[in-house]
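Observations on the three-dimensional arrangement
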Amino acid sequence: MFTQTLKKAAESVKKDVIEWRRHLHQNPELSYHEEKTSQFVYETLLSFGNLEVTRPTKYSVMARLIGDRPGKTLGIRADMDALPIEEENSLEFSSQVPGVMHACGHDGHTAMLLGTAKVLSGMKEKINGEIRFFFQHAEEHFPGGAQEMVEAGVMEGVDMVIAAHLMSNLEIGKVGIAYGPMMAATDGFWITINGKGGHGGMPHQAIDSIAIGAQVVTNLQHIVSRNTDPLDNLVLSIGKFVGGEAGNVVANSVEINGTVRSFDVKFRKIVPELMERVVKGITDAHGASYELKYQCGYLPVINDEKMTQTIEETVRDVYGDEAVEIQRPNMGAEDFSAFQQKAPSAFFWIGAGNEEKEITYPHHHPRFDIDEDSLEYGVNIFVNSVFKFLS
């Protein structure tokens, strides 16, 4: 019976949640620039009542709802930042900021958590313990807003924390659940190959940084295919290769930039050492020099089993067994892992794609969108899970 009451409460804020999402979508802000976004969230939370609203960092917001009965403390997190992408959708609420777009669903995440806060703020007398609503900045940009919020003390006294991500590649009505490893650690690397420029018709007088760089790219893949256990999850991808100015000139230098993804932190020691060996060996062989920078990014997202089981049970209770999809880990990354270092946690997917509505474009695509009916799913699951965790 109480589940139906909570479901109706989630339905009652659906219109507000969609309006909030559209406002945020029209007014996106990049990581570490969420000034108007955070102020909008702050003022909206204040309008609900029963919440203690603060600004832990310059661009983040936290609201505390302390129930009338003693109990544990649950944190719920949403991210707020947009991406440097020019939107190609023709919506009534398309981005009004040139070159900036909510292309990953963070506008929906923020709106869902606002809706959750609105519902729960009116149920103070029914809540055991405390709920903390974390509205986080800068998920898309290392070192990430999650770590800044943790360092500001938002997790002090928190017993458990949850978060969700809208997914356009998961059909609406489905909720993705993953036990244990869910998303990978993400590191970055930058390599500069310094050769010797010269005339394209007289390459023997030059040191061809592009030819050397091409060998580096090819041989770096041997780290995954030949230097590590094939049963380990490891990805090394190069996304940027820049060198040269003209077709008849041997390039003086080349810049290479890529990412390394893994679930085991041991690779943060192994991979840089292997990269150094590969790059040094190739450049030495051809009389070139190099510079290599390796930067560790977010830790892997690894779900707590009991927390994840509670989320799964909530979804089954609210939407039935057919709504649950057990997911394999993927090599994406999320700085929610910073919160996970402080308390048991669960991260899950909410289906937001819809083939009938042609909402199928992937995340970070200029035509990315979500089925807004998915927002009610998020609010409903959050609200119901709160009472399961704090009962």
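Before going into details, it helps to say that this report is about the structure given with it. (Residues numbered from 1 in each chain as written. Predicted model: local features only at pLDDT ≥ 70, side-chain atom pairs only at ≥ 80, totals over all residues. Heavy atoms only, no water.)

So, about the overall build of the protein. What the protein contains, in helices and strands, is ten helices and 16 strands. Its C-alpha radius of gyration of 24 Å places the protein within 12% of the 21 Å reference for a compact globule of 391 residues. For the C-alpha atoms alone, the extent of the protein along its principal axes is close to 80 × 45 × 40 Å. In the protein, which comprises 391 residues, the share counted as buried stands at 53%. In the protein, the proportion of contacts linking residues at least 24 apart, taken out of those at least 6 apart, comes to 81%. When the accessible surface of the protein is summed, it comes to about 17,200 Å², and 49% of that surface belongs to carbon and sulfur atoms. (Helix = DSSP H or I, 4+ residues; strand = E, 2+ residues; numbered from the N terminus. Rg over C-alpha atoms; globule rule 2.2 N^0.38 Å. Buried < 20%, exposed > 50% of the residue type's maximum accessible area, 1.4 Å probe, protein only. Contact = heavy atoms within 4.5 Å. Areas by Shrake-Rupley, 256 points an atom, 1.4 Å probe, with all protein chains shown as cover.)

Here the focus is the pattern of salt bridges. All told, the structure shown has 25 salt bridges when counted by the stated rule. When the shortest N-O distance is used, the salt bridge between arginine 77 and aspartate 79 registers 3.8 Å. Judged by its relative accessible area of 2%, arginine 77 is buried. A salt bridge links glutamate 130 to arginine 132, with the nearest nitrogen and oxygen atoms 2.7 Å apart. Where salt bridges share partners, they join Lys14, Lys357, Asp371, Asp373 and Glu376 into one cluster. (Salt bridge = Lys/Arg side-chain N within 4 Å of Asp/Glu carboxyl O.)

Let us look at the sheet that holds strand β1 (residues 52-54). Taken in spatial order, the eight strands make up an open sheet running β1-β2-β4-β3-β5-β16-β6-β15, and their pairing is mixed. The outermost strands of the open sheet, each flanked by one partner alone, are β1 and β15 (324-326). Within the sheet, the average angular offset between the axes of one strand and its neighbour, ignoring direction, is 25°. Pairing analysis gives six bridges linking strand β2 (residues 61-66) to strand β4 (residues 128-136), with the strands arranged antiparallel. Residue alanine 63 lies in a different strand from β4, and its bridge partner there is phenylalanine 133. Along the sheet face, helix α8 (residues 305-319) touches β5 (160-171), β6 (175-177), β15 and β16 (345-353) and points at about 35° away from the line of β16. (Pairing = 2+ DSSP bridges. Axes fitted to C-alpha atoms, helices over the stretch in contact; angles between N-to-C directions.)

Turn by turn, an α-helix covers 3.6 residues, leaving residues three or four places apart pointing in a common direction. For α8, spanning 15 residues, the distance from its first C-alpha to its last is 21 Å, which sits close to the expected 21 Å at 1.5 Å a residue. Every buried residue of α8 is listed here: Met307, Thr308, Thr310, Ile311, Glu312, Thr314, Val315, Val318 and Tyr319. The backbone nitrogen of lysine 306 lies 3.2 Å from a side-chain oxygen of the residue at the head of α8, namely aspartate 304. Positive phi shows up at glycine 320, right after α8, with a value of about 95°. (Expected span 1.5 Å × (residues − 1). Polar contact = N/O pair within 3.5 Å; in protein donor to acceptor, adjacent residues only side chain to side chain.)

Below, the discussion takes up the packing of aromatic side chains. According to the stated counting rule, one finds nine aromatic pairs in the structure shown. With 5.0 Å between their ring centres and 85° between their planes, phenylalanine 2 and phenylalanine 387 make a pair best called edge-to-face. One end of the pair, phenylalanine 2, is in helix α1 (residues 2-12); the other, phenylalanine 387, is in helix α10 (residues 374-389), and 385 residues separate them in sequence. Relative to phenylalanine 339, the ring of phenylalanine 336 lies with its centre 5.9 Å away and its plane at 40°, an arrangement referred to as tilted. Through pairs of rings, three or more aromatic residues link up here, namely Phe134, Phe336, Phe339, Phe347 and Trp349. Against the face of tryptophan 190 rests lysine 293, its NZ or CZ located 5.1 Å from the ring centre. (Phe/Tyr/Trp six-rings, centres within 6.5 Å; stacked < 30°, edge-to-face > 60°. Lys NZ or Arg CZ within 6 Å of the ring centre and 35° of its normal.)

Glancing now at the packing of helix α2 (residues 14-26) against helix α4 (residues 106-121). Where α2 meets α4, the axes come as close as 8 Å, and the angle between the chain directions of the two elements is 145°. Crossing of α2 against α4: the hand is right-handed. Packed against α2, whose contacting residues are Asp16, Val17, Trp20, Arg21, Leu24 and His25, the element α4 presents Asp107, Gly108, Thr110, Ala111, Met112, Leu114, Gly115 and Lys118 at the interface. Classifying every residue of the contact of α2 with α4 gives six nonpolar, four polar and four charged. (Left-handed = near helix turned anticlockwise from the far one by under 90°. Nonpolar A, V, L, I, M, F, W, Y, C, P; charged D, E, K, R; others polar.)

Our focus in this paragraph is the nonpolar core. By size, the foremost hydrophobic cluster in this structure holds 66 residues, and its most contacted members are Leu45, Leu120 and Phe133. Tallying contributions element by element places α10 first for this core, with eight residues. Not counting residues within four places of it along the chain, the set of residues in contact with leucine 120 comprises Leu65, Ile127, Ile131, Phe133, Val383, Val386 and Phe387. (Core = buried A, V, L, I, M, F, W, Y, C linked by side-chain atoms within 4.5 Å.)

The space that makes up the largest pocket amounts to roughly 900 Å³. The set of elements that each furnish at least two residues to the lining of the largest pocket consists of β5, β8 (185-194), β12 (253-262) and β13 (289-296). (1 Å grid on protein atoms, 1.4 Å probe; cavity = no way out; pocket = protein on both sides within 12 Å on 5 of 7 lines; lining within 4 Å. Points joined across faces, edges and corners; volume = space filled by probe spheres on them.)

With 18 residues, helix α6 (residues 209-226) should reach 26 Å at 1.5 Å per residue; the first-to-last C-alpha distance of 25 Å fits that figure. Lining the buried residues of α6 we find β8, β10 (234-243), β12 and α7 (267-285).

We now examine the pairing of β5. Where a strand is regular, its side chains alternate between the two sheet faces. The element β5 is largely enclosed, with a buried count of ten among its twelve residues. Where strand β3 (residues 69-79) meets β5, four bridges bridge the pair, whose relative direction is parallel. Paired with leucine 74 across the strands is methionine 160, a residue of β5. The sheet contact formed by β5 and β16 spans eight bridges and is parallel. The residue bridging alanine 164 from the neighbouring strand is phenylalanine 348, located in β16.

Moving on, we come to the sheet that holds β13. The four strands are arranged β10-β12-β8-β13 in an open sheet whose pairing can be described as antiparallel. Both edges of this open sheet fall to β10 and β13, since each of them pairs with a single strand only. Going from strand to strand, the sheet's axes swing by 15° on average, the running direction of each strand aside. Looking at chain direction, β8 and β12 are connected through ten bridges and run antiparallel. In the strand pairing of β12, threonine 192 is matched with glutamate 255. Set on the sheet, α6 makes contact with β8, β10 and β12; between it and β10 the angle comes to about 175°. The strands that α7 touches are β8, β10, β12 and β13; relative to β13, the one it contacts most, it runs at about 170°.

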